[in-house]
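Listed below, chain by chain, are the residues.
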Amino acid sequence: MYIVTSTVEVPMEKTQDLIEIYQNRSRRVDQAEGFQQFRLIQNTKKLNELTVHMEWQSKESYLKWVRSSEFKEIHELEKNYPDKELAGITPKVRQYEVVAE
């Protein structure tokens, strides 16, 4: 299994806005080959820190998604959010290989 996280810190007053964006996400990634699970998680001590947690069957399936036209389309849309403050936030992306369960 391969896990990818993408963490952002948003202004406190924008936290709920971002949560709602993800609650209403397109779910296009859900159809990608090798995709297993999506979660948006919130830091319990720093409520304006949100992390997208995605699980993939393998690194290869994740990389196939990242190179796809759908991935590019979705991320282009993010750059065009009406809220320029949210659109300008750069996430911290981390990738992990599951080595024990």
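Let us look at the structure shown here. (Residues numbered from 1 in each chain as written. Predicted model: local features only at pLDDT ≥ 70, side-chain atom pairs only at ≥ 80, totals over all residues. Heavy atoms only, no water.)

Summed over the entire model, instances satisfying the criterion amount to 7 salt bridges. Between Lys-64 and Glu-33 there is a salt bridge; the shortest N-O distance is 3.1 Å. With Lys-64 in helix 2 (residues 59-66) and Glu-33 in the loop between helix 1 (15-23) and strand 2 (35-42), the pair connects residues that are 31 residues apart, well separated along the chain. Judged by its relative accessible area of 57%, Glu-33 is exposed. What emerges from the salt-bridge pattern is a single network uniting Arg-25, Arg-27 and Asp-30. (Salt bridge = Lys/Arg side-chain N within 4 Å of Asp/Glu carboxyl O. Helix = DSSP H or I, 4+ residues; strand = E, 2+ residues; numbered from the N terminus. Buried < 20%, exposed > 50% of the residue type's maximum accessible area, 1.4 Å probe, protein only.)

This paragraph deals with the nonpolar core. Counting 13 residues, the largest nonpolar core has Val-29, Phe-35, Met-54, Trp-56 and Trp-65 as its most contacted members. Sorting the residues of this core by element identifies strand 1 (2-9), strand 2, strand 3 (49-56), helix 2 and helix 3 (69-79) as the ones contributing at least two each. Counting residues per element, this core draws most heavily on strand 3, at 3 residues. Not counting residues up to four positions away in its chain, the partners in contact with Trp-56 are Met-1, Tyr-2, Val-4, Val-29, Ala-32, Glu-33, Gly-34, Phe-35, Gln-36, Ser-61, Tyr-62 and Trp-65. Listed in part, the 6 residues of the second largest apolar core include Val-8, Val-10, Leu-50 and Leu-86. (Core = buried A, V, L, I, M, F, W, Y, C linked by side-chain atoms within 4.5 Å. Contact = heavy atoms within 4.5 Å.)

Turning next to the packing of aromatic side chains. Taken as a whole and judged by the stated rule, the model has 6 aromatic pairs. Ring centres of Tyr-22 and Phe-38 lie 6.0 Å apart, and the angle between their planes is 25°; this geometry places the pair in the stacked category. Here Phe-38 lies in strand 2 and Tyr-22 lies in helix 1, a separation of 16 residues in the sequence. Look at Trp-65 and Phe-71: their rings are 5.9 Å apart centre to centre, the planes differ by 85°, and that puts the pair in the edge-to-face class. The class of Trp-65 is buried, set by a relative accessible area of 6%. (Phe/Tyr/Trp six-rings, centres within 6.5 Å; stacked < 30°, edge-to-face > 60°.)

What follows deals with the sheet that holds strand 2. Taken together, the 4 strands give an open sheet; going across it, the order is 2-3-1-4, and neighbouring strands pair in antiparallel fashion. With one partner strand each, in any of the chains shown, strand 2 and strand 4 (92-97) form the two edges of the open sheet. Across the sheet, the mean angle separating the axes of adjacent strands is 15° when strand polarity is ignored. Both strand 1 and strand 4 contribute to a ladder of 6 bridges, which runs antiparallel. Bridging from a neighbouring strand, Thr-7 pairs with Lys-92 of strand 4. Of the strands in this sheet, strand 1, strand 2 and strand 3 are in contact with helix 1, which crosses strand 2 at around 165°. (Pairing = 2+ DSSP bridges. Axes fitted to C-alpha atoms, helices over the stretch in contact; angles between N-to-C directions.)

So, about the pairing of strand 3. It is a general feature of regular strands that their side chains alternate between the two faces of the sheet. Burial runs high along strand 3: 7 of the 8 residues are buried. Relative to strand 3, strand 1 runs antiparallel, the two being bridged by 8 bridges. Opposite Tyr-2, over in strand 3, you have Trp-56 as the bridge partner. Here strand 2 pairs with strand 3 via 7 bridges, running antiparallel. Bridging from a neighbouring strand, Arg-39 pairs with His-53 of strand 3.

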